[in-house]
Structure formats: structure tokens, C-alpha cells
Amino acid sequence: MMLVDVVLAIIWTGVTAYAIFGGADFGAGILDLFAGSATRGREMRRQLEHSIGPVWEANHVWLIFVLVYLWTAFPTAFVSIMTTLYIPVMLAGLGIVMRGSAFAFRKWAPTLSKERVMGAAFAASSFVTPFFLGAVAGGVASGRVPPGNAAGNPWSSWLNPTSVLGGVLAIVACTYLAAVLVARDATRTGRAEVASSFRQRALWAGFLSGAVALGGIFVLRIDAPTLYEGLTEPWGLAAIMLSAGAGVASLVAIARAHHHMSRVAAVVATSAIIWGWGIAQYPWLLPETLTVEQGAAGASVLISLIIAFVVAGFIAVPALVWLLSLMERGILGSDDVTTQAGSSDALIEELSSQQA
Amino acid sequence: MYFATEAGLAAARYQMAISLGFHIILACFGVGFPLVAFIAHRRGLMHRDLDAMRLAKRWSKVMAVLFAVGAVSGTILSFEMGALWPGLMGPFGDVVGLMFALEGVAFFVEAIFIAIYLYGWNRLPARLHLWTLLPITLAGIAGSFFIVSVNGWMNSPTGFSVAPDGSIVDVNPWAAMFNDAVLVQWTHMLFAAYMVSGFMIASVYAYRWLKGDRSRINRLGFVIAFSVAAVATPIQVLIGDVATRRLVEAQPSKFAAMELIPRSTTGAPLTVGGIFIDGEVVGAIEIPGLASFLATRDVNGAVPGFDVVDASDLPPVNVVHWSFQVMVAIGTALFALAVWFGWAFLRTRGPPTARLFWVAATGAGVAAIVAMEAGWITTEVGRQPWIVWQRVRTADAVSASTGIVASAITISAVYVVLAIFTVVVLRIIGRRTRAGENVQTPYGPTSVDR
């Protein structure tokens, strides 16, 4: 059926966007965790804060988008996943709450030690949240979620080889993405030293991601046969090859400090893994128990979702492009704090100097 | 198994109440604060008013914190919808999905423009910077419509049919969105958001006034915020009247619980206070004919009582009655306060000078939040035992997960800490900005604190 595939593609685009934008966002928190002591890691943490500050909330809208589209287009699959995988789902939700709040509170902390506690809460929840989300993905992909209200095992559905693979891969891939993107930001704002620290971490995380992804294929072979079978078919194989090729290219580009190239390649490598998963699992929504067609909502609902997507495209996308381009041009979020003539701050300065 | 489900149901309802009750406060600020900030910022630019500019900047920092906590506490709600209520989101996820999807679009716009506004203070041209508040304000209005349309649908479900095998067919998501309850519920929520934002922000400045701060900036901050609330309050009272009268037909058992009317009757008295025990209303003050008059505009009008439904289909009447009364009482008091303010403003172009007014205004912020929460409890508890009015019982919709008791406890603990931190951080922002201004240090760009 065409209609449902269109909606599925929209959802998967959302998943990809969340993996990249949200992933880099989590990764920035993980890099914060491994930036070293308060004094040594200071410059790196500042760079991280500038890179994600203006976009972190928008980055996580993709998650809401995916959840909403999933429950609208595939309500049975959605409630089955959410109730069986209740524990990792709620832990991920709490992680998101702690992370965002700690990030917002951090700079208002009254003392350095309290700021560090906030920073630690932000960084630690950035580390555990992608693990739980990856574990949820692993539980679904390995066919451990049967249709029904909490019908699957509440523990083994997410404490299993595929879930651990999904969780670990999410952590290393987020770190890799963030390090690549932030290295570029740091270069652009002329902070060569910080950029090179991030490049180093990008190399490490990139190697690890590649190793986990490749090793993961053997885990899937034993633990998630349906998915494995899909991956060995032509389109699945193509996705794996694309991901591997782009991954290698990005590592070379990182090593040579070609930041634009490394960024594109890293995004391609991550997207290819996400699409490889989707292609391999198709046509199963819940492997072996529920197909896309069986689980799909009616045509009128699917059409309304497509309309909503187009509306969103006309309204939200131009706004998002404007935000990203303001950041890209260093107008927002950069470390350069000079006040531009004609800005609101300039007016405050002018008026207060008149008053004085 | 039965007991596990009973405990699970109680825990799930409690967890949802905590999560929503927390988020709804922040959502109110998300909707109302940008409007208040827009008024200040616009005044600052148009009249080259330093105080107004400083207020807008100060408020943008507060908005940043409130919006962040609101965003994450809203995200977890979208997890909980499915994780706690599969019996709602399973059969009806496709019916209500479009509203959530459009709400997501509104939130996306809000998140993008609030980032641009918060970071644009020293970089964007001032006029453009001011106007980035407009999409935030509009997205808040649109977002509140879409999210409340879901609740309206739960009270007045439309846009689908039930097949002989019980499955939901012929789904029309647009009809579901424009259900019978949405208009009155949405406007009631929207103006509640303006009241909560306006009164709460104003209460901070009222408190400073009581502490002896007679500075112009303090007065301006109060007047801008309080004016928004004072305009919203009378409109809210009118919407509330329409909302209540609508229930006589639409949800008579909810209406009977709100007014505590045991038997359907004509010429029903208004029951002030009182509780319902063993089939009798005890300890109430009764005002003859007033309940009928309010509901039907006729002192002898017929109004529904508890007997319109089986006893097993009644909501917990005392909870509904009391939360309704709390809302109405506070709303009435806030209305009086708004009138006082308006009267004084017409005569003296300024707020009242009586100390009593400022004491009341200091309490008005928290009172507005209490009234909003009480109103929300009225509509939610009043709908029980249904999660979808006369279609799905809450008890049949709950998740069979075993972890809900644990998660409910965890969420409560996290939200208590979060609430404390939010208040502490807001106080720090207030203290620091005041300290900065008292010594006449303009905040330079180095403190470009988002």
C-alpha cells in the first residue's frame, strides 16, 4: 500500500533527524562528561555550550514528532512498545527531564561547586538517555515486543544482546557526531586548540562506532534473525556498505581536519545505519507479530498526517533554516559577545549611558 | 492480578496528575509570558524606555528557564500518554493523533523563535528582535488550541464510528479536532494562561512594593503584567459561565458533581461548601434558586442531579465540588482585584495605593495557579469514571505494566526537586539582576546571559 509507506518514510525521516540533531545534542553532553577537570575542560565545555545552547530544545522536538506520528499511524504498535518497554521508556523520559533542566539551571548556579553538580547531572543524563533509547530500539528490532498491553517481558525486552548493542551504539555514535560537529564550530570561531581536542575525540568515537556497528552484525545474526536476514538482502547490504564507506571517509577527513567533509560523511554514516535498520525490519512493525499494513491506521488518518507534515514543512522548516543559518553565520550562539549597533542591547547601553 | 491492576490504576492516575499538573503551570507561562514580554519590549523600543527594555531583558532570562523546564516536562508527557494509557492511545491514537501532530508543529515554531529571541539580544536588529516574540506568542495560542482540543475530544468524543466488532472505524481527525467542547475549553485555558502569567509576574513586583521598592521599573513591571491579567480576568469569568452551562446538557453528571446536586430538580439552590455523605449534603450554605439560575437563567429551571447516571458512573463528587468551588472563589476574588486596579487606573493613571491591594496582589500569583489547577481537577475528575466520555473507562484504559508504582514514586521525587530548583534559580536571577541594577551597572555584553 502506497499511503502507509509514505507515512512510514516521513516517520523514518523524523527518526533520522532525531538521531542526528538529538544525537549530537546528547553527544555534546557526553563530551562534557569526558572533557576533564573543571579547569582543564573549561574551554571545551564553553564551546559545547555555545554549540548547542540555541538549538537544544528544537533538536528534541524531533522525538515528539516521531512519537506522535507513530501513535497516530500505528497505534497498536505504539502502545505495545510503550507498555512492554515501560522501564527504559520512563528512564529515558526522566533522563530528558533531568538533562534539559540541569542545562538550563547550570549557568545560574550560585557557586562553582553547585554549577559542577548541575553540569554533572546534565552530562550523566546525556550519557544514560541515549542508552535507554537505543535499548528500546533493540527490543523492538529483535522482536521482543508482542502486540498488546504490556504483553512482553518487562526486563528481557530491553536487557538483551540487541538492546545492549543498540544502547552502546547510540552512546558512541552520539559522541562521534557531536565531536565532529563541534570541532567544526570551534574551527570556525578560530579556536584551533579546542578544535583539535574535539577532533581527537571524534576519531576515537568514530573508531568505536564503526567497531560496535560491525561487531553488532554478529550479535544480530544470533539474537535478531529477522533483522539480520533483512540486512543481508541487497538494500540492507547497500545501507551497511554506505555507512561503512561514509564512516571511513569521515575518519580520514577528521584526521586531515577537513571539517566540512567530515561533517557530511558523519551524517551520511549515521543516517545509513538508521535507514539500514528500517529497511531490514520492513515490512514488520513488530518483527514476526505485526506488519506495517496490519498495524496501520485508516486512509483518512494517514492523509491528515501527510497534510500536517506539509503544513509543518511550510511553517516550521523555514524557521528552522533561519535559526540554523543564524548559527552557521556565527550570529547566534557564537562566543563573540560584542554588541551590534542597532540591537536591543545597544539600545539598553545607549539609554543607560544617557541616564548616567 | 486484580489488586496489581487496582494499584497500577491508582499509580498511573497519580503519575499522570503529577506530570500534567506540573507541566500545565509551565505551559501557562509558555503561552502567556511572551505576550507580557512583548508589551514591555515594544514599549522599550517605541518610547525609548530604558526600564521597559530592562524588564524585557530580565524576563527573557526567566522565560528561558521556564521554557526549558516546560519543554522537557512536556516531552515526558508524550511518553506517558502511550505508556500509561494504552486503552486510550491504542484504539484512539489515530483519532487524536492529528491534534498532537499540529501541537508539535506549534511547539517547534515556539522552540525555534524563543532560541532566536533569547540569543538575539546583542546581535539582531532591535526591531526584528522584538518581532521574533510574535511567532512565539502565536505558536503558544495555536499550541494551546491543539492540545486542549484533545482534552475537549475526551469530554466530547466525535469523528469516528464503532464497528459491530467494537473496532474504531470511519475516523475523521478534523471532526475530532473541532469537537463540541473545544472552543469553550480552549478559550478557558488560554485566558487561564494569561491570568497565571500576568498575576504571577505581577506578584513578584507587588512583593517588592511591599518591601518598600517604589522605583519606576518596579512599578512598570507590575503594571504591564497586572494589566494583562486584569484584562483577561473578566473575559475568563464570562467563558467560565458558558463552560459551566454547557455541561447541563453535555455532561450532566459532571455538572451535578460540581454543584453538588443529589437529585435532578427544578429551582435548585446554589450549594456553597458542604460535603456529600451517605446520600445527604452536609454543612452547606444554600442560596435558593441560584444554581438553577446560573445554569438556565431561570430560578425555577430544571437541573440534573446525581441520579442522571448509575451510582457507579458518578465521579468522586466531593473532589469535583470542592475543586470547582475553589476555582470559582479565587476567580471571583481575582475579578474584584482586577476591577479595583481598573478603577484606580481610570482615575489616577496608576495602580491603587492602598496597602491591602498590594498584599492581595502579592498573593494573586499563587492564587491564580491554584485556581487554574483546581479548574483542571474539576474537568478531569468530573469526567470520571470515563477517560473518553461514555466510551472508555479509565480503569479499562490503564497499562498492565508492573512498574507504574515505582515510576510514580520516582517521578514525584524528581518533580519535587525540579520544582525547588526552578524556584531557587528564578530567585537567583531576580537577585542578580536587581543587584546589577542597583549599582547602576548596565549589563554589558559580557553578561550576555541568555
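Refer to the structure presented above.
Rules and cut-offs
Residues numbered from 1 in each chain as written. Chains lettered and ligands numbered in written order. Predicted model: local features only at pLDDT ≥ 70, side-chain atom pairs only at ≥ 80, totals over all residues. Heavy atoms only, no water. Helix = DSSP H or I, 4+ residues; strand = E, 2+ residues; numbered from the N terminus. Rg over C-alpha atoms; globule rule 2.2 N^0.38 Å. Buried < 20%, exposed > 50% of the residue type's maximum accessible area, 1.4 Å probe, protein only. Contact = heavy atoms within 4.5 Å. Areas by Shrake-Rupley, 256 points an atom, 1.4 Å probe, with all protein chains shown as cover. Lys, Arg positive; Asp, Glu negative; His and termini not counted. Charge placed at Lys NZ, Arg CZ, Asp CG, Glu CD. Buried area = accessible area lost by both parts, 1.4 Å probe. Salt bridge = Lys/Arg side-chain N within 4 Å of Asp/Glu carboxyl O. Polar contact = N/O pair within 3.5 Å; in protein donor to acceptor, adjacent residues only side chain to side chain. Axes fitted to C-alpha atoms, helices over the stretch in contact; angles between N-to-C directions. Parallel < 35°, antiparallel > 145°, perpendicular 65-115°, else oblique. Left-handed = near helix turned anticlockwise from the far one by under 90°. Patch = residues over 30% accessible without salt bridge, like charges linked within 9 Å, V, L, I, M, F, W, Y side chains within 5 Å. Core = buried A, V, L, I, M, F, W, Y, C linked by side-chain atoms within 4.5 Å. 1 Å grid on protein atoms, 1.4 Å probe; cavity = no way out; pocket = protein on both sides within 12 Å on 5 of 7 lines; lining within 4 Å. Points joined across faces, edges and corners; volume = space filled by probe spheres on them. Nonpolar A, V, L, I, M, F, W, Y, C, P; charged D, E, K, R; others polar. Pairing = 2+ DSSP bridges. Expected span 1.5 Å × (residues − 1).

**Some details on the overall build of chain A**
So, point 1. Of regular secondary structure, chain A possesses 14 helices and two strands.
So, point 2. Computed over C-alpha atoms, the radius of gyration of chain A comes to 21 Å, within 12% of the 21 Å expected from 2.2 N^0.38 for 356 residues, which places it in the range of a compact globule.
So, point 3. Across its three principal axes, chain A shows a C-alpha extent of roughly 75 × 45 × 35 Å.
So, point 4. Counting the 356 residues in chain A, one finds 56% classified as buried.
So, point 5. Within chain A, residue pairs in contact and separated by at least 24 positions form 79% of the contacts whose partners lie at least 6 positions apart.
So, point 6. Surface summary for chain A: the accessible area is close to 14,100 Å², and the carbon and sulfur share equals 70%.
So, point 7. Between the mean site of the 19 positive side-chain charges and the mean site of the 20 negative ones, chain A shows a separation of 9 Å.

**What to know about the overall build of chain B**
So, point 1. Looking only at helices and strands, chain B features 14 helices and eight strands.
So, point 2. Scaling as 2.2 N^0.38, a compact globule of 450 residues should have a C-alpha radius of gyration of about 22 Å, and chain B matches this with 23 Å.
So, point 3. In terms of its C-alpha atoms, chain B occupies a principal-axis envelope of roughly 70 × 45 × 40 Å.
So, point 4. Across the 450 residues in chain B, those meeting the buried criterion constitute 60%.
So, point 5. Long-range contacts, defined here as pairs at least 24 residues apart, represent 77% of the contacts in chain B between residues at least 6 apart.

**A word on the interface of chain B and chain A**
So, point 1. With 87 residues of chain B at the interface, the matching set in chain A holds 78 residues.
So, point 2. For the pair chain B and chain A, the summed buried area comes to about 7,100 Å², and 74% of that belongs to carbon and sulfur atoms.
So, point 3. Between chain B and chain A we count two salt bridges in total.
So, point 4. Residue K57 of chain B is joined to D345 of chain A by a salt bridge in which the shortest nitrogen-to-oxygen separation is 2.8 Å.
So, point 5. Here chain B and chain A share 14 residue pairs in polar contact (both at pLDDT 80 or more) between them.
So, point 6. Where the side of chain B that touches chain A is concerned, the elements lending two or more residues are α1 (2-46), α2 (50-84), α3 (86-119), α4 (126-131), α6 (173-177) and α14 (404-438) of chain B.
So, point 7. It is α3 of chain B that contributes the most residues to the side of chain B that touches chain A, 22 residues altogether.

**Some words on the packing of helix α5 (residues 86-106) of chain A against helix α6 (residues 112-141) of chain A**
All names here are of chain A.
So, point 1. Between α5 and α6, the shortest axis-to-axis distance is 8 Å and the interhelical angle comes to 150 degrees. With respect to α6, the element α5 is oriented roughly antiparallel. Helix-helix and strand crossings are classified by hand; for α5 and α6 the assignment is left-handed. On the side of α5, the interface is formed by P88, V89, L91, A92, G95, I96, M98, R99, A102, F103, F105 and R106, while α6 contributes E115, M118, G119, A121, F122, S125, S126, T129, F132, L133 and V136.

**Structural notes on a nonpolar patch on the surface**
So, point 1. Together, I303, I307, V310, V311, F314 and I315 of chain A together with W174 and F178 of chain B make up an exposed nonpolar region whose accessible area comes to about 750 Å².
So, point 2. If you tally residues by element for the nonpolar patch, the top one is helix α13 (residues 299-328) of chain A, at six residues.
So, point 3. Under the relative-accessibility criterion, W174 of chain B is labelled partly exposed at 33%.

**Examining the environment of R245 of chain B**
So, point 1. If you trace the backbone, R245 of chain B turns up in helix α8 (residues 216-250).
So, point 2. If near-sequence neighbours (up to four positions away) are discounted, R245 of chain B is found in contact with L294, A295 and R297 of chain B.

**Some points on the nonpolar core**
So, point 1. Judged by nonpolar contacts, the single largest core of 234 residues is most densely connected at F74 of chain A together with W59, W85, L88, W153, F222 and F226 of chain B.
So, point 2. Leaving out residues up to four positions away in the same chain, W85 of chain B has contacts with L9, A12, R13, M16, E80, I387, T394, A397 and V398 of chain B.

**Points about unusual backbone geometry**
So, point 1. Here the bond from Y282 of chain A into P283 of chain A is cis, since omega is 5 degrees, no more than 30 degrees from zero.
So, point 2. Its place among the elements puts P283 of chain A in the loop between α11 (259-281) and β1 (284-286).
So, point 3. A positive phi is found at A257 of chain A, a non-glycine position, where the angle reads about 60 degrees.
So, point 4. Counting through the fold element by element, A257 of chain A comes out in the loop between α10 (234-255) and α11.
So, point 5. With relative accessibility at 33%, the residue A257 of chain A sits in the partly exposed group.
So, point 6. A positive phi angle, near 65 degrees, is found at R297 of chain B, a position not held by glycine.
So, point 7. Among the structural elements, R297 of chain B can be located in the loop between α10 (290-296) and β6 (302-303).

**Focus on empty space enclosed by the protein**
If you roll a probe as big as a water molecule over the atoms, it shows you where there is empty space left.
So, point 1. Counted according to the given criterion, the structure contains four cavities of 30 Å³ or more.
So, point 2. Size it by volume and the second largest cavity reaches roughly 90 Å³.
So, point 3. Lining the second largest cavity we find W56, E57, H60, V61, I64, I96, R99 and G100 of chain A together with A71, V72, T75 and F107 of chain B.
So, point 4. Contributions of two or more residues to the lining of the second largest cavity are made by α3 (56-73) and α5 of chain A together with α2 of chain B.
So, point 5. The element best represented in the lining of the second largest cavity is α3 of chain A, accounting for five residues.
So, point 6. By residue class, the composition of the lining of the second largest cavity is seven nonpolar, three polar and two charged.

**Concerning the environment of F357 of chain B**
All names here are of chain B.
So, point 1. Examined against the element boundaries, F357 turns out to sit in helix α12 (residues 355-383).
So, point 2. Under the relative-accessibility criterion, F357 is labelled buried at 0%.
So, point 3. The spacing of F357 and I114 is 243 residues in sequence and 34 Å in space, taken between C-alpha atoms.
So, point 4. Here F357 is in contact with F222, F226, L337, W340, F341 and P352, once residues within four sequence places are set aside.

**Here's the deal with the pattern of salt bridges**
All names here are of chain A.
So, point 1. Summed over all chains, the structure comprises 17 salt bridges over all chains.
So, point 2. The residue E43 makes a salt bridge to R46 at a minimum N-O spacing of 3.8 Å. Linking E43 with R46, this pair stays in helix α2 (residues 42-52), spanning three residues, or about one helical turn.
So, point 3. Look at E43 and you get partly exposed, because its relative accessible area is 33%.

**Some remarks on the pairing of strand β5 (residues 280-287) of chain B**
So, point 1. Two strands pair when backbone bridges link them, and strand β4 (residues 270-277) of chain B and β5 of chain B are joined in this way by seven bridges, in the antiparallel orientation. Residue pairing in the sheet places I277 of chain B in a bridge with E280 of chain B of β5 of chain B.

**Side note on helix α7 (residues 161-188) of chain A**
Because each turn of an α-helix spans 3.6 residues, side chains separated by three or four positions end up pointing in the same direction.
Residues and elements named next belong to chain A.
So, point 1. The end-to-end C-alpha separation of α7 is 41 Å, in line with the 40 Å expected for 28 residues at 1.5 Å each.
So, point 2. Counting buried positions over the 28 residues of α7 gives 22, a clear majority of the element.
So, point 3. Measuring from the backbone nitrogen of T162 back to the side-chain oxygen at the start of α7 gives 3.0 Å, which picks out N160 as the cap.
So, point 4. At the C-terminal side of α7, G190 shows a positive phi close to 75 degrees.

**Quick notes on the side chain of D51 of chain B**
Residues and elements named next belong to chain B.
So, point 1. Assignment of secondary structure puts D51 in helix α2.
So, point 2. Residue D51 is classed as buried on the basis of its relative accessible area of 13%.
So, point 3. Among the polar contacts listed, one links the side chain of D51 to the side chain of R216, at a separation of 2.7 Å.

**A few points about α2 of chain B**
So, point 1. In a regular helix each residue adds 1.5 Å, so 35 residues correspond to 51 Å; α2 of chain B covers 50 Å between its end C-alpha atoms and thus fits that length.
So, point 2. Burial analysis of α2 of chain B places 35 of its 35 residues in the buried class, the great majority of the element.

**Description of the packing of helix α8 (residues 192-223) of chain A against α10 of chain A**
All names here are of chain A.
So, point 1. With their axes 10 Å apart at the nearest point, α8 and α10 run at an angle of 160 degrees to one another. On the basis of the axis angle, α8 is roughly antiparallel to α10. With respect to the hand of their crossing, α8 and α10 are arranged in left-handed fashion. Taking contact as the criterion, the partners of R199, A202, L203, G206, F207 and I217 in α8 are, on α10, I240, L251, I254 and A255.
So, point 2. A per-class count over the contact of α8 with α10 returns eight nonpolar, one polar and one charged.

Everything listed is a geometric property; what it means functionally is a separate question.
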